[in-house]
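Structural overview for review
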Amino acid sequence: MENCRIIAIGDNVCDKYLSRGKMYPGGQCVNTCAYAGLNGTESAYLGKFGNDSVAECVKETLDKLGVDYSHSRTYKGENGYALVTLNGNDRVFLGSNKGGIAKEYPFAFSPADLEYIKEFQLIYTNLNSYIEEEIDILAGTGVPIAYDFSVRWTDDYLKKIGPYTTVAIMSCAHLSDEEREREMKKAQAAGIKVVLGTIGEDGSYVLYGDDLLYAPAVHADDVIDTMGAGDSYFAAFLCSLLGSSKEGKIVEGDKESMKARLTAAMNTGAVFAAKVCAMEGAFGYGVPITGRTDV
């Protein structure tokens, strides 16, 4: 379906690369907006900003990308940031301020926020967004939710988030094949219809119904920075599913058509993630570091 739109609700940061002396706008939600645009899908961002130079960097970048963030909140205090260095081409996190002011305030979605959210075909959020206590409110809009569990889910967390989630990604490179399949099935049992399990350079799996689909990774020729590889995969995957739908839904059609759409989306995600590894930071737009460089 053409003209599908994604709204990312949650985190924003600047990744401060001490090895480069630069900081890059990011956070999984902001990354998703940038990557959606690169995949031809319009997006918007709803989050919490501080009132410092880091927040201004993120806002200015969103302006350049044409991403609406008019429903976001700004509070007095420190914006989220992370400290990063490089080990070869791999990004290494050194610590963060845990989202800065974002962890101190609930979203407290207004009726106007909820009506705005209803204009989109998909909500993206993640476990770094302090959204757990309000995810039921988001689900109440009727807009499907895509959720990134990263590597830090627990059984209880899956049970808390799963009933409200349509599609999810789990980073499983640290697990054995048996453990990965077990954890993906736990997510499915919690209510998630489409469960992605990524395993880095070894590819990715999707669990849908009784089917476990596999797609290989795509080799990246010019790796500069692996920041954003997982976010870029998921964003491209989601954009592909929306684009291949007839009604703008992640899950639609019969079983065989869903399997074909999922396989195509996995391949699209793999190709795009390889391209993103040739960008500095998550998606570029680096500027000199400002503010604190400690946590």
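As a reminder, the structure under discussion sits directly above these lines.
Conventions used here
- Residues numbered from 1 in each chain as written.
- Predicted model: local features only at pLDDT ≥ 70, side-chain atom pairs only at ≥ 80, totals over all residues.
- Heavy atoms only, no water.
- Pairing = 2+ DSSP bridges.
- Helix = DSSP H or I, 4+ residues; strand = E, 2+ residues; numbered from the N terminus.
- Contact = heavy atoms within 4.5 Å.
- Axes fitted to C-alpha atoms, helices over the stretch in contact; angles between N-to-C directions.
- Buried < 20%, exposed > 50% of the residue type's maximum accessible area, 1.4 Å probe, protein only.
- Parallel < 35°, antiparallel > 145°, perpendicular 65-115°, else oblique.
- Left-handed = near helix turned anticlockwise from the far one by under 90°.
- Nonpolar A, V, L, I, M, F, W, Y, C, P; charged D, E, K, R; others polar.

As defined by bridge partners, strand 2 (residues 13–17) adjoins strand 6 (residues 81–87) across four bridges and the pair is classed as parallel. Following the sheet pairing, tyrosine 17 is matched in strand 6 by valine 84. Relative to strand 7 (residues 90–96), strand 6 runs antiparallel, the two being bridged by six bridges. Of the residues in strand 7, the one forming a bridge with leucine 86 is arginine 91.

The strand order across the open sheet built from nine strands is 5-4-1-8-9-10-11-12-13, with neighbouring strands paired in mixed fashion. On the outer flanks of this sheet lie strand 5 (73–74) and strand 13 (211–215), each paired with one strand and no other. Contacts from helix 2 (residues 53–65) reach strand 4 (42–49) and strand 5, with the element oriented near 165 degrees to strand 4. Along the sheet, helix 8 (residues 255–276) contacts strand 11 (194–198), strand 12 (204–208) and strand 13; its crossing angle with strand 13, the most-contacted strand, is approximately 30 degrees.

The next thing to look at is the pairing of strand 2. The element strand 2 is largely enclosed, with a buried count of five among its five residues. Burial of strand 2 is two-sided: the residues Val13, Asp15 and Tyr17 facing one way and the residues Cys14 and Lys16 facing the other way are all buried. Bridge count for strand 2 against strand 3 (residues 22–26) is five bridges, and the pairing is antiparallel. Bridged to cysteine 14 within strand 3 is proline 25. Two successive antiparallel strands, strand 2 and strand 3, enclose a turn made up of four residues, where glycine 21 displays a positive phi of approximately 75 degrees.

This part is about the packing of helix 1 (residues 28–38) against helix 7 (residues 229–243). The geometry of helix 1 relative to helix 7 is characterised by a closest axis approach of 9 Å and an angle of 50 degrees between their N-to-C directions. Comparing the axis directions of helix 1 and helix 7 gives the class oblique. Every pair of crossing elements has a handedness; the one defined by helix 1 and helix 7 is right-handed. Taken together, the residues of helix 7 that come into contact with helix 1 (itself represented by Gln28, Asn31, Thr32, Tyr35 and Ala36) are Asp231, Ser232, Ala235 and Cys239. Grouping the constituent residues of the contact of helix 1 with helix 7 by class yields four nonpolar, four polar and one charged.

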